[in-house]
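What follows is each chain in one-letter form.
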Amino acid sequence: MSGPGISVVICVYTEDRWEDILAAVASVRAQSRPALETLLVVDHNEALHERLAKEYKEAADVRVLANAGPRGLSAGRNTGIAASRGEVIAFLDDDAVAEREWLRHFAKAYADPRVLAVGGRTEPIWASGRRPPWFPEEFDWVVGCTYRGLPRGRVRVRNVLGGNASFRRTAFDAAGGFATGIGRDGDRLPLGCEETELCIRLTRARPDAVLLIDDRAVIHHRVPEAREHFGYFRTRAYAEGLSKALVARSVGADKGLESERRYATRVLPAGVARGLRDAVLARPGGAGRAGAIVAGVLTAAGGYVVGSVRARRGGATYAVAAIEGGEVTTDA
């Protein structure tokens, strides 16, 4: 097998996703370019850990680990990084399945030694069977998917999206691990942006680093029925604003909001215009999509203001994963 060995890390936290977890692992095992190993990192759930350990007891290619850090996705990923053996570490959501060529497209991009991170395209699988008519594609990041406005093809980007991403191991040697306190923590407020903060830190540590998205590296992400409603849309948009405030506090607003400025000034106005045009043409959901974009922007902006105020007052802090001897540690 040519190219780098790739370890796949899947962070899991609830038995409610049991079938999804099994499907995610099966999709990794079915890759045209085999993974070196799959690591299932269980986030402080002993019953799930025991059940998965029993399920994969005879599997040489799957290891089940307990999150060695504080509760949350970032510490779980750091645990997987520390335990992995691959030159490249890929991350797959526990409620997603990867297409057969997923790892092959990642591996091809790493032929260039300057490439330190590669992300892919994430397509939604709606629980209701179809996209809600009011739900704008520009806000598919709300449900963890690739959104309208991202560049197509294999292109250079500021940051990859964490549920479908990979990093060369030397990226963590240079920049450290994922910051705890930014990303998700089980069923609490759906924060995010931990991969954005890491990617900005990485390019500061390694100005020559190349970060890519290759939209041929596709996964399909399940969107539960509860996330198809406007209430979740609003909550997630608010949490994104809070998260962006933390990132801007950490790395500065220039880099922390660089991509968001283009998104807010070009992509979203075009989305509102499309929605209003569809409404005039009596197409379903046009007015709803335009209204959702406006509501999403205002809600995220509100979260950003609140997060910024809290950060200035010292009430919103987070710990960046420690670096000791050039290795990621998970004893935060």
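Parameters and conventions
Residues numbered from 1 in each chain as written. Predicted model: local features only at pLDDT ≥ 70, side-chain atom pairs only at ≥ 80, totals over all residues. Heavy atoms only, no water. Phe/Tyr/Trp six-rings, centres within 6.5 Å; stacked < 30°, edge-to-face > 60°. Helix = DSSP H or I, 4+ residues; strand = E, 2+ residues; numbered from the N terminus. Buried < 20%, exposed > 50% of the residue type's maximum accessible area, 1.4 Å probe, protein only. Polar contact = N/O pair within 3.5 Å; in protein donor to acceptor, adjacent residues only side chain to side chain. Pairing = 2+ DSSP bridges. pLDDT = per-residue confidence, 0-100. Contact = heavy atoms within 4.5 Å. Salt bridge = Lys/Arg side-chain N within 4 Å of Asp/Glu carboxyl O. Core = buried A, V, L, I, M, F, W, Y, C linked by side-chain atoms within 4.5 Å. Expected span 1.5 Å × (residues − 1).

**Description of the packing of aromatic side chains**
Scanning all chains against the criterion turns up 16 aromatic pairs. Geometrically, the ring pair formed by Phe-135 and Phe-233 is edge-to-face, given 5.5 Å between the ring centres and 85° between the ring planes. Here Phe-135 is found in the loop between strand S6 (115-126) and strand S7 (154-156), whereas its partner Phe-233 is found in helix H7 (residues 230-251), with 98 residues between them in sequence. With respect to class, Phe-135 is no different from Phe-233; both count as buried.

**So, the environment of Asp-61**
Turning to its location among the elements, Asp-61 is positioned in the loop between helix H2 (46-55) and strand S3 (62-66). Note: C-alpha distance between Asp-61 and Ser-7 (54 residues apart in sequence) is 9.9 Å. Of the polar contacts made by the side chain of Asp-61, one reaches the side chain of Arg-29; its length is 2.9 Å.

**Let's talk about the environment of Ala-179**
Looking at the element boundaries, Ala-179 is found in the loop between helix H5 (169-175) and helix H6 (194-205). In this structure Ala-179 comes out as buried when scored by relative accessible area, which is 0%.

**Side note on the pairing of strand S9 (residues 210-223)**
In terms of burial, S9 is a largely internal element, eleven of the 14 residues being buried. In this sheet, S9 lies alongside strand S5 (residues 96-98) in antiparallel orientation, the contact comprising three bridges. Counted as the bridge partner of Val-97 is His-220 from S9. Pairing of S6 with S9, which is carried by ten bridges, proceeds in the parallel orientation. Counted as the bridge partner of Val-118 is Leu-212 from S9. With three bridges connecting them, S7 and S9 associate as antiparallel partners. In the strand pairing of S9, Arg-156 is matched with Leu-212.

**Digging into the confidence of the model for the chain**
Here the chain averages 89 in pLDDT, and 88% of its residues register 70 or above. Across residues 315-332 the pLDDT falls below 50, and counting only partners more than four positions away or on other chains, this stretch makes 40 contacts in the model.

**So, the side chain of Arg-289**
Structurally, Arg-289 is set in helix H10 (residues 286-313). Once residues lying within four places of it in the same chain are set aside, the contact partners of Arg-289 are Pro-133, Trp-134, Phe-135, Pro-136, Asp-278 and Pro-284.

**Observations regarding the pattern of salt bridges**
Where charged atoms of side chains with opposite charge meet at close range, the side chains can pair. Here the structure, examined in full by the defined rule, presents 26 salt bridges. Put simply, Glu-37 and Arg-85 hold a salt bridge, and the shortest N to O gap is 3.4 Å. Of this pair, Glu-37 sits in strand S2 (residues 37-42) while Arg-85 is found in the loop between helix H3 (73-83) and strand S4 (88-92), placing the two residues 48 residues apart along the sequence. Residue classification places Glu-37 among the buried positions, given a relative accessible area of 3%. The exposed category is assigned to Arg-85, whose relative accessible area is 55%. The shortest N-O distance in the salt bridge between Arg-289 and Asp-278 comes to 2.7 Å. One end of the pair, Arg-289, is in helix H10; the other, Asp-278, is in helix H9 (residues 258-280), with eleven residues separating them in the sequence. On the accessibility criterion, Arg-289 (19% relative accessible area) is buried. Taking the relative accessible area as the measure of exposure, Asp-278 reaches 10% and is therefore buried. Residues participating in the shared-partner salt-bridge network are Glu-137, Glu-138, Arg-148 and Arg-274.

**Some points on the pairing of strand S8 (residues 164-168)**
Burial analysis of S8 places five of its five residues in the buried class, which makes it a mostly covered element. Alternating residues of S8 divide into Asn-164, Ser-166 and Arg-168 and Ala-165 and Phe-167, and every residue in both groups is buried. Bridge count between S6 and S8: three bridges; the pairing is antiparallel. Residue pairing for S8: Val-118 is matched across the bridge by Ser-166.

**Details of the nonpolar core**
Counting residues in each nonpolar core, the largest one holds 35 residues, and the members touching the most others are Ile-10, Leu-40, Leu-52, Leu-92 and Trp-102. At six residues, helix H1 (residues 18-29) tops the list of elements feeding residues into this core. Ranked by size, the runner-up nonpolar core spans 24 residues in total, among them Leu-116, Ala-171, Phe-172 and Leu-211.

**Observations regarding the side chain of Arg-121**
Relative to the helices and strands, Arg-121 resides in strand S6. Here Asp-215 takes part through its backbone oxygen, which lies 2.3 Å from a polar atom of the side chain of Arg-121.

**Let's talk about H6**
Taking 1.5 Å of rise per residue, the twelve residues of H6 would be expected to cover 16 Å, and the 17 Å separating its terminal C-alpha atoms lies within 8% of that figure. Most of H6 sits out of view: nine of its twelve residues are buried. Listed in full, the buried residues belonging to H6 are Glu-194, Glu-195, Thr-196, Glu-197, Leu-198, Cys-199, Ile-200, Arg-201 and Leu-202.

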